[in-house]
Amino acid sequence: KKYVMEKEVHPVEVFAGTSAQATIVKSILESAGIYCFLKDDIMGTLLPWYTSAGGAGAVKVFVSDADFEEAKAIVEEYEKNIQ
C-alpha cells in the first residue's frame, strides 16, 4: 500500500500478547500489506509486569487508524485459530 500524507496518521493498538505472538501477528499483517510496528518488545519480554498489569499482553502491535478495521479482522481470525 502507498501512503499519501493527505491526513494525519494515528497509530492504534490492534493486538497485545507475548513477544512471540506479537511477532507472528506483525508478520501476518505485513503479509497482508498492512504497515505495523511493535511497542514494548524488549521491555515487554524482559519486564512484562512493567509494561502491562500482571505482565499479560506486554507486547503490543500498532497499525495506522486507516488500516484498523482490516487489521482487526485479521487479528480476530488469528485469535480464533490459536485457541
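Scroll up a little and you will see the structure.
Just so it is clear, the model here is predicted, and its values are computed rather than measured. (Residues numbered from 1 in each chain as written. Predicted model: local features only at pLDDT ≥ 70, side-chain atom pairs only at ≥ 80, totals over all residues. Heavy atoms only, no water.)

Asks: An account of the sheet that holds strand β3 (residues 59-64) is needed here, citing residue identities and associated values.
Replies: Pairing is antiparallel across the open sheet formed by 3 strands, whose spatial order is β1-β3-β2. Single-partner strands in this sheet number two, and they are β1 (11-17) and β2 (36-39). Each strand axis lies, on average, 30 degrees off the axis of its neighbour in the sheet, ignoring direction. Across 4 bridges, β2 lies against β3 in antiparallel orientation. (Pairing = 2+ DSSP bridges. Helix = DSSP H or I, 4+ residues; strand = E, 2+ residues; numbered from the N terminus. Axes fitted to C-alpha atoms, helices over the stretch in contact; angles between N-to-C directions.)

Asks: Go over the pairing of β3 with me, naming the residues and quoting the values.
Replies: For β3, the tally of buried residues reaches 6 of 6 residues, placing the bulk of the element in the interior. Strand direction decides the pairing type here: β1 and β3, joined by 6 bridges, are antiparallel. When the bridges of β3 are listed, Pro11 appears paired with Ser64. (Buried < 20%, exposed > 50% of the residue type's maximum accessible area, 1.4 Å probe, protein only.)

Asks: So, the environment of Phe37: which residues are in play, and what are the values?
Replies: Relative to the helices and strands, Phe37 resides in strand β2. Distance from Phe37 to Glu13, taken between C-alpha atoms, is 9.6 Å for residues 24 residues apart in sequence. Setting aside residues up to four positions removed in sequence, Phe37 forms contacts with Pro11, Lys26, Lys60, Val61 and Phe62. (Contact = heavy atoms within 4.5 Å.)

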